[in-house]
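So the chains spell out like this:
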Amino acid sequence: HEESDVLARTLELADAGRKVFLALLQKPGDAQLVVHSRHGGNAAFVDELISSFAADAPQEAILVVKQHPLDYGVERTPARVAALIARHKLEDRVFFLRKTSIDKIMARAHAVVTINSTAGLAAIIEEKPVLCVGRAFYNIPGLTSAVPLARFWREAVAPSPDLVKGFIAFLKSTSQFNGGF
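Right, let's walk through the structure included here.

About the thresholds
Residues numbered from 1 in each chain as written. Predicted model: local features only at pLDDT ≥ 70, side-chain atom pairs only at ≥ 80, totals over all residues. Heavy atoms only, no water. Helix = DSSP H or I, 4+ residues; strand = E, 2+ residues; numbered from the N terminus. Buried < 20%, exposed > 50% of the residue type's maximum accessible area, 1.4 Å probe, protein only. Pairing = 2+ DSSP bridges. Axes fitted to C-alpha atoms, helices over the stretch in contact; angles between N-to-C directions. Contact = heavy atoms within 4.5 Å. Core = buried A, V, L, I, M, F, W, Y, C linked by side-chain atoms within 4.5 Å. Parallel < 35°, antiparallel > 145°, perpendicular 65-115°, else oblique. Nonpolar A, V, L, I, M, F, W, Y, C, P; charged D, E, K, R; others polar.

Time to look at unusual backbone geometry. Residue Lys 89 is not a glycine yet carries a positive backbone phi of 55 degrees. Here the phi dihedral of Asp 92 falls at roughly 70 degrees; this positive angle occurs in a residue that is not glycine. Along the chain, the position of Asp 92 falls in the loop between helix H4 (77-88) and strand E3 (94-97). Classification of Asp 92 as partly exposed rests on a relative accessible area of 32%.

Turning to the sheet that holds strand E2 (residues 62-66), a few remarks are in order. Spatially, the five strands line up as an open sheet ordered E3-E2-E1-E4-E5, and their pairing is parallel. The open sheet has two edge strands, E3 and strand E5 (130-132), and neither has a second partner. Recorded for the sheet is a direction-independent mean angle of 20 degrees between the axes of neighbouring strands. Contacting strand E1 (20-24), E2 and E3, helix H1 (residues 3-15) runs over the sheet at an angle of about 135 degrees to E3.

Our focus in this paragraph is the pairing of E1. When you tally the buried positions in E1, you get five out of five residues, the bulk of the element. Burial along E1 is two-sided: the residues Val 20, Leu 22 and Leu 24 and Phe 21 and Ala 23 are all buried. The sheet contact formed by E1 and strand E4 (residues 111-114) spans four bridges and is parallel. By the bridge assignment, Leu 22 is partnered in E4 with Val 112.

Once that is clear, we can look at the nonpolar core. Counting 29 residues, the largest nonpolar core has Leu 22, Val 112, Tyr 138 and Phe 167 as the members making the most contacts within it. Residue assignment for this core shows that the elements contributing at least two residues are H1, E1, E2, E3, helix H5 (103-106), helix H6 (118-125), E5 and helix H8 (161-174). In terms of residue count, the dominant contributor to this core is H1 (five residues). When residues no more than four places from it in sequence are discounted, the contact partners of Val 112 are Leu 22, Leu 24, Met 106, Ala 123, Pro 129, Val 130, Leu 131 and Phe 152. Phe 21, Ala 57, Ala 61 and Val 133 belong to the second-largest nonpolar core, a separate cluster that totals 28 residues.

Our focus in this paragraph is the packing of H6 against H8. Where H6 meets H8, the closest approach of the two axes is 10 Å, and the angle between their N-to-C directions is 130 degrees. By the angle class used here, H6 and H8 are oblique. Every residue of H8 that contacts H6 at Leu 121, Ile 124 and Ile 125 is listed here: Val 164, Phe 167, Ile 168 and Leu 171. Across the contact of H6 with H8, the residue classes break down as seven nonpolar, no polar and no charged.

Counting through the fold element by element, Phe 53 comes out in helix H3 (residues 42-56). Contacts of Phe 53, omitting those with residues within four sequence positions, involve Phe 21, Ala 61, Ile 62, Leu 63, Leu 90, Arg 93, Val 94 and Trp 153.

Structure below.
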């Protein structure tokens, strides 16, 4: 499938009321994978993610797996995702996006699963439920979900708006500046 067709189908399903879960992959070899995650690579994360989605997510839910923009194909993630989709019979429920900007899908996402992506923080700022399966500085109860992945598909809870405001104010006053990278 062409990337634009996959995006169009995903948006069509979202507009029809299907809950969209967005999974954000890390750049292969990044410290977020090899140091701050039990997964060691995107492959183990994708295996766990899609297997859990197949077993535990509501039938009407869809999952969009988004490749990191600086992933140059070293891990062959598209083929792995395709194989997992076929194995679990998840055609028309799980989609893979390689180069599409997350902005095109984030607005329609019900919730986000990440290891430790800065886009996870962006989702928190948009008050979307986020499950962080790695060690991220923003993985704080009330900002991110505290349930295991198997339960997140049905129990995703948005962050506390007051906590989000306070956390962002703290970051801006101590270590960050406005903008994205």
